[in-house]
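Take a look at the letters that make up each chain.
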Amino acid sequence: MALPEIKTVLYTTSLGEHTRPVFRQAVQQAVVQNARIVMLHVVEPVGELGRALIQNYLPEDTVKKIHDEGIAEIKQQMKSRVEAFYQEELNALPEPPQLEIEFLVEEGNQADTILHVADQQNADLIVMGNENRFGHHSHTPRQVNRNAKVPVLVVPTGEKYK
């Protein structure tokens, strides 16, 4: 029986303060397996009340422009974090690895969206942290682990795991 091949690592990020250990694990898996990384940030959609308020006060084209600018800003933040990681950790290595990273921002329920993107991207491994952006244990890793079709690596996060 052959060992499973990992070609795509889905790394989910809350863009929280203490998520670097999770990214380290995703990079480690990608380097060892010669895999690409799909970096995913999931944004919860605006609720019905928020949507109604926005639509009553702003024209549709303005709402779309703000939305698109927000998504672009999140992607830029993701790219900046990867660049900082390279500068601070990988460039010190004798031969820094060249990683293939795709940046995705999706809207929806956290767990459902992660599972959908994992299927869509043919992910062979999901790497995620165990705390949400507020520093509390998140139920999302449990839901993803329970329903994923591929292995899930849940990494401890928070101040003590820097």
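Quick note: structure is the one above.
Residues numbered from 1 in each chain as written. Predicted model: local features only at pLDDT ≥ 70, side-chain atom pairs only at ≥ 80, totals over all residues. Heavy atoms only, no water.

### Digging into the overall build of the protein chain
- When helices and strands are tallied, the protein chain shows five helices and five strands.
- Helices and strands appear in the protein chain in the N-to-C order β-α-β-α-α-β-α-β-α-β.
- Every one of the 162 residues in the protein chain was classed for burial, and the buried ones make up 38%.
- Long-range contacts, defined as pairs at least 24 residues apart, comprise 78% of the intrachain contacts of the protein chain with a sequence gap of at least 6.
- Surface exposure of the protein chain reaches about 10200 Å², of which carbon and sulfur atoms provide 51%. (Helix = DSSP H or I, 4+ residues; strand = E, 2+ residues; numbered from the N terminus. Buried < 20%, exposed > 50% of the residue type's maximum accessible area, 1.4 Å probe, protein only. Contact = heavy atoms within 4.5 Å. Areas by Shrake-Rupley, 256 points an atom, 1.4 Å probe, with all protein chains shown as cover.)

### Some remarks on the packing of helix α4 (residues 110–120) against helix α5 (residues 140–147)
- Orientation of α4 relative to α5, taken along the N-to-C sense of each, is 40 degrees, at an axis distance of 9 Å. With respect to α5, the axis of α4 lies oblique. Handedness of the α4/α5 crossing: right-handed. Where α4 abuts α5, its residues Gln 110, Ala 111, Ile 114 and Leu 115 lie against Thr 140, Gln 143, Val 144 and Asn 147.
- Grouping the constituent residues of the contact of α4 with α5 by class yields four nonpolar, four polar and no charged. (Axes fitted to C-alpha atoms, helices over the stretch in contact; angles between N-to-C directions. Parallel < 35°, antiparallel > 145°, perpendicular 65-115°, else oblique. Left-handed = near helix turned anticlockwise from the far one by under 90°. Nonpolar A, V, L, I, M, F, W, Y, C, P; charged D, E, K, R; others polar.)

### Some words on the nonpolar core
- Judged by nonpolar contacts, the single largest core of 26 residues is most densely connected at Val 9, Phe 23, Ile 37, Leu 99 and Ile 101.
- Within the residue set of this core, elements represented by two or more residues are β1 (8–12), α1 (20–33), β2 (36–43), α3 (60–90), β3 (101–107) and β4 (125–129).
- Top contributing element to this core by residue count: α3, with seven residues.
- Counting 15 residues, the second largest nonpolar core, distinct from the first, contains Leu 104, Leu 115, Ile 126 and Val 152. (Core = buried A, V, L, I, M, F, W, Y, C linked by side-chain atoms within 4.5 Å.)

### Quick notes on the side chain of Asn 130
- Relative to the helices and strands, Asn 130 is located in the loop between β4 and α5.
- Among the polar contacts listed, one links the side chain of Asn 130 to the backbone nitrogen of Thr 157, at a separation of 3.1 Å. (Polar contact = N/O pair within 3.5 Å; in protein donor to acceptor, adjacent residues only side chain to side chain.)

### Points about the sheet that holds β1
- Here we have five strands laid out as an open sheet, ordered β3-β2-β1-β4-β5, and parallel in their pairing. A single partner strand is all that each edge strand has here, and the edge strands are β3 and β5 (152–155). The average undirected angle you get between the axes of adjacent strands in this sheet is 20 degrees.
- The pairing of β2 with β3 spans seven bridges and is classified as parallel. Bridging from a neighbouring strand, Val 42 pairs with Glu 106 of β3.
- Sheet strands touched by α3: β2 and β3. Its angle to β3, the strand with the most contacts, is close to 145 degrees.
- Contacts from α5 reach β4 and β5 within the one sheet, and its direction differs from that of β4 by about 165 degrees. (Pairing = 2+ DSSP bridges.)

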